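The residues making up each chain are set out below.
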Amino acid sequence: MADRSSTNTGKFDPITLEVLWTRLISVVDEAAAALVRTSFSTVVRESHDFSCVITDASGRSLVQATDSIPSFIGTLPRTIEHFLNEIPADKLEPGDILATNDIWQGTGHLPDISVGKPIFVDGRLVGFAGSTAHAPDIGGKIRSPEPREVFEEGLQIPIMKIIRAGAPDEGFFNILRKNVRTPDEVVGDLWAQITALELMEDRVGTLMRDYKITDLADLATEIQARTEQAMRTAIRDLPDGTYTNEVKTDGLGVPLELKVKLTIDGDEVHADYAGSSPQVDRAINCAYCYTYAMTAYAVKCAAAPDLPNNDGAIAPIKVDVPEGSIINPRWPASGGSRALTGHFVPTLVYGALAKVVPERVTAGTGSPLWSITQSGVRDDGRTFASLFFFNGGMGATDLKDGEHCLSWPSNISSTPTEVIEQLAPMRIHRRAFRPNSGGAGRHRGGLGQEILIENLSKTPTAVSFLAERTKEPAPGIVGGAVGATGELLIDGEAVDPKRQYVIETGTMITLRTPGGGGYGDPAERDAALAEKDVVQGLVGSVKDAAE
């Protein structure tokens, strides 16, 4: 991206600019709220696995909804740019809706459906409203690491108009319904996204008319340039140099390695992932779009976490990954479970930064996030597919203990027990913190959770999992201890979390999510905090808090 940090249009005084910026945030936040209220699936309604953005006419992001998934600030604007490369602006008209779930042009896996709507004001294209949301099902093999190629993972949607000048492409919607297990939920969520797009278009048009703005370009440039300038200033506060780090994931029988060489040079950051493991014939590959987004997110969190989320914030960040790597796979690699790799990227970057600015980063987190997918046939003959999330513990920081059962680097919420039992043939017998699962330290890592689930389905059902850190624990930093590893059991027996299983009525599933790493020497933990840990049942004894 070109350096636009010195650009200043001079057309907006500070007060007007702040008012316009606040109005834009209110627009995307209102759209996000509308998406949640009108959605059908728990993935959107309860876990908030979605994003809403507004871009300028060239696809450069301007503003992102507060509740959006962090990685989508890096992926969704690029998807809008792909839309324009495939369908140029002169081929767009009011009422069009474009969509894709392409792994390399979207977010890295097929369940995320990205949509975009050109915003026309008084007949002129001024920008785009965009949204990505995780569909509850996309067909193919139920979400698991097992697929070897993208063709096994479900319906692929090429970049296309799914609504033309306001008229839905009924052929597309019929194909979509025919290829998924929960057509009402999948199509319902897609229409919720479209509702959000239409709301954003309407509100942007109102804003522009209220302030007699004929084009978003100048406003976008002003906001992006100011953000970029602030981001470059923040990066200059980091010590120049090249810092390396490597982490291991559970992998496939043997661990996979991720390596980074992070170079801070003045007001720019360059991440080079050469030496990371090659792509595999399982669905844990992570496409470049997601790797870049997770890298940019980590750097922004460390350098300037409070800056607005738009293209200006990520412009100074460059990322190189060898093609054919596990974090930049070649087509037709599968990537449905790409979080099992991609969620390690921020931890990898943080580990490099911890060598020079440990006070700005967290210890290792008990993620990637855990989930269970169940599919089968209900008593009335209808097919179903349910996806529920369960989070591990956050890593501790220089300022505080890690949070319990909180997702990071994504911000997906754990699915409530009541929702699970209402929507799926499951009964939750136990759900509790895992004592002693947070790594000891001056500040303790967050705890994971234990969930005991009974399968109530009267017919055999397939289950698969997203689960990592069952072998490689979340690391501590600055002398902090590692968090506890996760465990997955079926009827009391440990099983491979990267396989799919068919279970019967009464089968019991136990998930124990990992704990976060500790920060600082455990011997330096405040005695009152250590005693409080024991009283609250977070550790077994004061001795445990110091080991």
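Note that the structure is a prediction, hence the values are computed from the model and not measured.

A. Summary view of the packing of helix 1 (residues 14-38) against helix 5 (residues 183-210). Running from N to C, helix 1 and helix 5 cross one another at 160°; their axes reach a closest spacing of 8 Å. The angle between helix 1 and helix 5 places the two elements in the roughly antiparallel class. When you trace helix 1 past helix 5, the crossing you get is right-handed. Taking contact as the criterion, the partners of Leu20, Arg23, Leu24, Val27, Val28, Glu30, Ala31, Ala34, Leu35 and Thr38 in helix 1 are, on helix 5, Gly188, Ala192, Gln193, Ala196, Leu199, Met200, Arg203, Val204, Thr206, Leu207 and Asp210. Tallied by class, the residues present in the contact of helix 1 with helix 5 amount to 13 nonpolar, 4 polar and 4 charged.

B. Representation of the pairing of strand 16 (residues 461-466) in the model. Of all 6 residues that make up strand 16, 6 are buried, and the element is covered over most of its length. Burial of the side chains of strand 16 extends over both faces: Thr461, Val463 and Phe465 are buried on one face and Ala462, Ser464 and Leu466 on the other. Bridge analysis of strand 12 (residues 370-377) against strand 16 gives 5 bridges, and the strand direction is antiparallel. Among the inter-strand pairings, Thr373 is bridged to a residue of strand 16, identified as Ser464. In this structure, strand 16 lies alongside strand 19 (residues 501-503), joined through 3 bridges in antiparallel fashion.

C. Geometry of the side chain of Asn328. You can see Asn328 is positioned in the loop between strand 11 (317-320) and helix 9 (339-342). Excluding its chain neighbours within four sequence positions, the residues that come into contact with Asn328 are Cys286, Tyr288, Val321, Pro322 and Glu323.

D. Region of the structure containing the pairing of strand 11. The side-chain alternation of strand 11 yields one buried face, formed by Ile317 and Val319, and one unburied face, formed by Lys318 and Asp320. With 4 bridges connecting them, strand 10 (residues 268-272) and strand 11 associate as parallel partners. Its bridge partner being in strand 11, Ala271 is matched across the sheet by Val319.

E. View of the environment of Val361. Within the element layout of this structure, Val361 appears in the loop between helix 10 (344-353) and strand 12. With relative accessibility at 2%, the residue Val361 sits in the buried group. When neighbours within four sequence positions are excluded, Val361 is seen to be in contact with Ala302, Tyr350, Leu353, Ala354, Thr397, Ile477 and Tyr519.

F. Fine view of the sheet that holds strand 7 (residues 167-168). Across the sheet, which stays open at both edges, the 7 strands sit in the order 2-1-5-4-3-6-7 with antiparallel pairing between neighbours. In this open sheet, the two strands that pair with only one neighbour each are strand 2 (61-64) and strand 7. In this structure, strand 1 (residues 50-56) lies alongside strand 5 (residues 124-134), joined through 7 bridges in antiparallel fashion. Its bridge partner being in strand 5, Ser51 is matched across the sheet by Thr132. Sheet strands in contact with helix 6 (residues 217-236) are strand 1 and strand 2, and its direction is about 70° off that of strand 2.

Parameters and conventions
- Residues numbered from 1 in each chain as written.
- Predicted model: local features only at pLDDT ≥ 70, side-chain atom pairs only at ≥ 80, totals over all residues.
- Heavy atoms only, no water.
- Axes fitted to C-alpha atoms, helices over the stretch in contact; angles between N-to-C directions.
- Helix = DSSP H or I, 4+ residues; strand = E, 2+ residues; numbered from the N terminus.
- Parallel < 35°, antiparallel > 145°, perpendicular 65-115°, else oblique.
- Left-handed = near helix turned anticlockwise from the far one by under 90°.
- Contact = heavy atoms within 4.5 Å.
- Nonpolar A, V, L, I, M, F, W, Y, C, P; charged D, E, K, R; others polar.
- Buried < 20%, exposed > 50% of the residue type's maximum accessible area, 1.4 Å probe, protein only.
- Pairing = 2+ DSSP bridges.

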